[in-house]
Structure formats: structure tokens, C-alpha cells
Amino acid sequence: MPLDPVLLLLDATAQALTLLLVASGLAVTFGLVGVINLAHGELLMAGAYTVLALDRAGLGFWAGFALAPLFVGLLGLLLDLLVVRRLRERPLDTLLATWAAALVIRQTVVALFGPASHTIQPPLEGSVLVLGAPYPAYRLLVMALAVLVTLLLTWLLLATRVGLMIRGTVADRTLAAASGLAVHRLEAAAFAFGAALAGLAGAATAPLLSIDPQMGLGYLLPAFLAVLVAPAGGPAGTAVGAALVGGGESLVSAFASPVVAQLAVLGGAVVLLRRVAGRRAGRER
Amino acid sequence: MSREPLLPALLFWLGLALLPLWAPGWLLGQLAQHLGYGLLAMSLAYLWGQGGLLSFCQALFFGAGAYAYALAGLGRLPLLPDSPALGLLLAVAVPTALAALAGLLLVTARVPTGPAWAVLTLVLGVIGERLAVASPFLGGSNGLAGLPPLALPLPGGPLELVDPLPSFLALLLVAAAVQLALARKIAAPSGSLLRAVREDPLRAAHLGIDPVAVRLRAFMLAAAVAGLGGGLFAAQFGFVAPPLLGLGLSTEVLVWVAVGGRGSPLAALVGALLVKTAEGLLGEWLGAGWPLALGLLLLLVVLLFPRGVFGGLLARLARPARR
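Owing to the predicted nature of the structure, the values given are computational and were not obtained by experimental measurement. (Residues numbered from 1 in each chain as written. Chains lettered and ligands numbered in written order. Predicted model: local features only at pLDDT ≥ 70, side-chain atom pairs only at ≥ 80, totals over all residues.)

Caption draft 1: Representation of the overall build of chain A in the model. A tally of regular secondary structure across chain A gives 11 helices and two strands. In sequence order, chain A lays out its α and β elements as α-α-α-α-β-β-α-α-α-α-α-α-α. In summary, chain A has a C-alpha radius of gyration of 19 Å against a globular reference of 19 Å for 285 residues, a match within 12%. By principal-axis analysis of the C-alpha atoms, chain A measures approximately 60 × 45 × 35 Å. Burial statistics for chain A: of 285 residues in total, 49% are counted as buried. (Helix = DSSP H or I, 4+ residues; strand = E, 2+ residues; numbered from the N terminus. Rg over C-alpha atoms; globule rule 2.2 N^0.38 Å. Buried ≥ 20, exposed ≤ 12 C-beta atoms within 10 Å, placed from the backbone.)

Written as C-alpha cells, this is what we have:
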């Protein structure tokens, strides 16, 4: 198969932007609340299954798309209240508990929907010519959504009062609390918002991939790598990380088998992560 | 907990050694396999409880040990004879070498031991599982079957560890030896160094301790113990496949160790035995609900018993001894 450079680049961009959409929720919970949420992939899966359930009930794709962020946001709020908040002082236990929560969500989905994989039709059929190459319209829509979410997040953080309060909490939690900010409520809201973004990402990507109970981990690790290798905090840093991880994997997989591509990206990310982590550790000292 | 109380450990091993007097053969065979898992649990308890290094890929080293045993036992390694005894040696050596490699990546980069470390171990686990599935040399997703059992060179001719009773006794001896050795290690000055690095690496460094070397040694020791468990498990099971090194088993170990108690290898081993036995009893009845129960169990233990069910008990026993 001859490789069309335009198509190659489009695929890489699509993968990077899809990853950005997936990682943006993670960037909120990790970057702002400081919680490594290993159940993020499963929250995303819950979003995809919400779309699937409503699609099957005959309500169509867009009903599920609208409801998924709400439902998963509530799920996130519950997770924060029952689990994450109680372990605020024990970060390693937060990892463990969210990993357990991931297992619980995954197995609940298996119990409700069975272990098999499902597919749903994209709501937009057909393709659009981009630089002379035909590209599926729905993929372009998801890419646009990723850009929109990133811009919205940037605006929320940098230009609104809530964003200022959250940035204050991130910078100095004690001082923020002493200044009269309800840090618990802010953190719960941010966590739920991150979960809602996971639900949105799950709903948006549901027609692109097969929906199955194991899909969460496939999203979680690249998204985490993207957030961790991000050279800076905030939505812009996440975008760079997603471009490196998602774009890299897409480009390598055009020339090698998918397994090799995944391995190459994982290896590359570990090397990058060493540098970023080393630099962060150096800055703390 | 800094010291493992000796008396409960000795009583536990004595009680276990008396089990063959009344327990049926199938139970002994099952317990022998669970003791292999118990070695894995002890390795994670040492790394996580003592070293503060929470690993989401500890099964990788267990599986590497199992595969090393399988490859040597089947004579698939070039230049090496097919020998189960050599396989057991490699089951310790290969995971230790792997841990040295992975450790160079993780530990020497001074990756903070929090989130980044945990995600890196997850990534390592995924890399290992995918490599095993994709590699024809390792049998792909089918794994390798027909492994020869271990044989003890006895005066009256070699005794193959096939029957439940000799397997159980052999595993019991190895597990007890490893547990007592780990307890000694924890109580020794090097154990204090590891805890010092866990509590405050920067302060430890200022006191002249090299945190990188201390963590790397702990990582390699844990891998060696896990690999030994994997090799012995493979020798009894006669079959290795990618799930032995996958994230599923790595998660299961976390449950055993969290339930038993991360601070003490003995508590972790008891956790492994109990959870695996419960799985044998309830697994069939609960069916697909078992992983769900496992997840809920982990969640509850982390929230309510952060030291584990037996860890707290053992710590209480250890306190008067320290005075």
C-alpha cells in the first residue's frame, strides 16, 4: 500500500487530538487536584457504554453524547466522596484505591453488558476532502471537539473566577483555605469535572473503536504518558504531550506492526518521562 | 513495622508443616501452588511495605521466572542443556537481571516514587505482557506446555516433585526459608537503610546513604524472590502462559498484600493463601462476580485497614518484643 503523506499526517493528527481529548480530563484530576486516578480509563468506558445503552434504547447517539458527561461526572463525584477524599493524605493508597475502583467499574460493566465487544455507528456518515485526501467526517468532528475542549479549559483556568480559585488552591492549598476558599468543594468539583471530561471523551470516541470492558487500560496508559511527559502544566502542556505520544504512535505504526509501534512509543515515553521526572524532582529540591 | 516477630512465624510454619497429617492430597497440591504465589506476595510486601515502592508489575518478575524455568526445562535455550535444576537457577537470575535493567531505567533516573513511578511500573507490565504474547520463542498467547518437574537428587534415586505431598513440603521449606531470611534482612542494618530512604530520600542522602543503590538493591531482591516463586510455580503447574506475568496477576498480588499487610512479608503470604483459598471456595459459586468481589475487597481494605488485616495484628505482637 503506497503511503499518502497527507493521509499519514492526518491520521497522526487525529490520533494525537483524540488522545488530547482523553488526556484532558486526566490533566484536570492530576494537574489540578493532584490525584492519580487509575480509574480514569474506566470512567471513559462508562461514557462509551452510556452512549451504547441509550443508542440501543432507541434514543440515538446524541442523547447519549449529551448524557454521558453528566452521568460520568456524577460517578466521579461519588468516587471523590467515597474514596479519593478519604485518602488525601495517603497518595500511594489513592493509586491503589482508584485501581480497585477501576476493577469494580469494569466488572460491573461485564455484569451488566457482558464481556463481548460492541460497535455503534458514527452519527455522521461520509467523508470530507482534506487537502485532496478523503477523510471520515466524524473523525474530523472529534478532532474539532478536542481543540474546542482544550481552548475551553484554557479559558476556564486563565480567565474565570473559578479558574483563579482553582489555580490558587493548586499553588498553595493551605493559604487558599486560610483565605476562605472552600478547597474541599473546589477539589471535588474539579475531580467531578475531570470525570465528566472522561465521559465526554468516551462518548465521542465510542463510534471510532470497539466498546468492550477492557478498553479502559488501552486509553489510560497513553493518556497518562501524555500527561506525564507534558513539558508544562495546563492544557497547552497536555497538548504537547498528546502530540508526542499519540502522533508518535500513529506515525511509527504506519511503518511497523502495531505491537512494535506501541513498544516504541512506550519505550520513548519512558525515556522522556525520565527526563521530565528528573527535571521536576530537581526543581523541587 | 521494623521487626518481624519470630514466634508467630515459627508457629505458623510449624502448623503448616503438620497439615499433611490430616489434609487431603488435592488440598496440599493446591496449597503448594499457593505457596508459590505466596513468594510473589512476600516480594511485593518487601518492596512496597519496606521500600515504599508500590509496583503494579510485580507479576512480571514472577512470570519471567516461570518462563525462564520453562525455557531451560524444555531445552529451548541455545548452548544450555535442558535441565530443570538449571531452570530454577535461571528463574532467579533472569528476573534479577531484568530488574537491574528496569531499575536502571526507573530508579537511577530518580523518578519520584509517587505517581510517575507507579505509572512506569504499569507501562513495564504492559510491555512485558505484549512481548510475551507477540514472541513465538515464548509460545505466544498459547504459552509453553509440558514442562518437566523438578527432581531432588536423593540417595535412593531422584525424587520428582510431582505428587502433592513432596511438592507441598518442598514449597513449604523454600517459602519458610525465604520468609525467615526476609525477616532477618528487614531487621538488619540494611533494612533500616531501606526504610530511611523510604521515609526521606533527601535526608538519607545527606546522611551518606545512596538512595539509588538502596532502592535498586531492594528492587532486584524483590524480583529474585518473585522469580523463585514463578519458577517453582511453573515446575508444579507444568505450563506457562502470558497471564502469569500480566497486569491481572499483578493486581491480584496487590490485593493479597493489601489484605494481608504490606509491612510484613509473613502477613502478605498469609493474605495470599487466604485470598487464593477463598477464590477456590467462592470462585465457582460467584463465577464472573469474583473479580468484582476482589475489587471491592481491595477498596475496603485500603479504606478501612491500611496496614492489612494481619499486618496490624503482627505489629501488635511485635511491639512488646521491641522493648
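Caption draft 2: How the structure looks around the interface of chain B and chain A. Each side of the interface is counted separately: chain B has 33 residues, and chain A has 33 residues. Elements with a contribution of two residues or more to the side of chain B that touches chain A: helix 5 (115-134), helix 10 (247-260) and helix 12 (289-304) of chain B. Ranked by residue count, the leading element in the side of chain B that touches chain A is helix 5 of chain B, at 11 residues. Of the residues belonging to the side of chain B that touches chain A, the class tally is 28 nonpolar, three polar and two charged. (Contact = placed C-beta atoms within 7 Å. Nonpolar A, V, L, I, M, F, W, Y, C, P; charged D, E, K, R; others polar.)

Caption draft 3: Region of the structure containing the packing of helix 2 (residues 40-56) of chain A against helix 8 (residues 183-205) of chain A. All names here are of chain A. One can describe the packing of helix 2 onto helix 8 by two numbers: an axis separation of 7 Å at closest approach and a directional angle of 50 degrees. Overall, the two elements helix 2 and helix 8 adopt an arrangement that is oblique. Of the two elements, helix 2 crosses helix 8, and the hand of that crossing is right-handed. Every residue of helix 8 that contacts helix 2 at His40, Leu43, Leu44, Met45, Ala46, Gly47, Ala48, Thr50 and Val51 is listed here: Ala195, Ala198, Gly199, Leu200, Ala201, Gly202 and Ala203. (Axes fitted to C-alpha atoms, helices over the stretch in contact; angles between N-to-C directions. Parallel < 35°, antiparallel > 145°, perpendicular 65-115°, else oblique. Left-handed = near helix turned anticlockwise from the far one by under 90°.)

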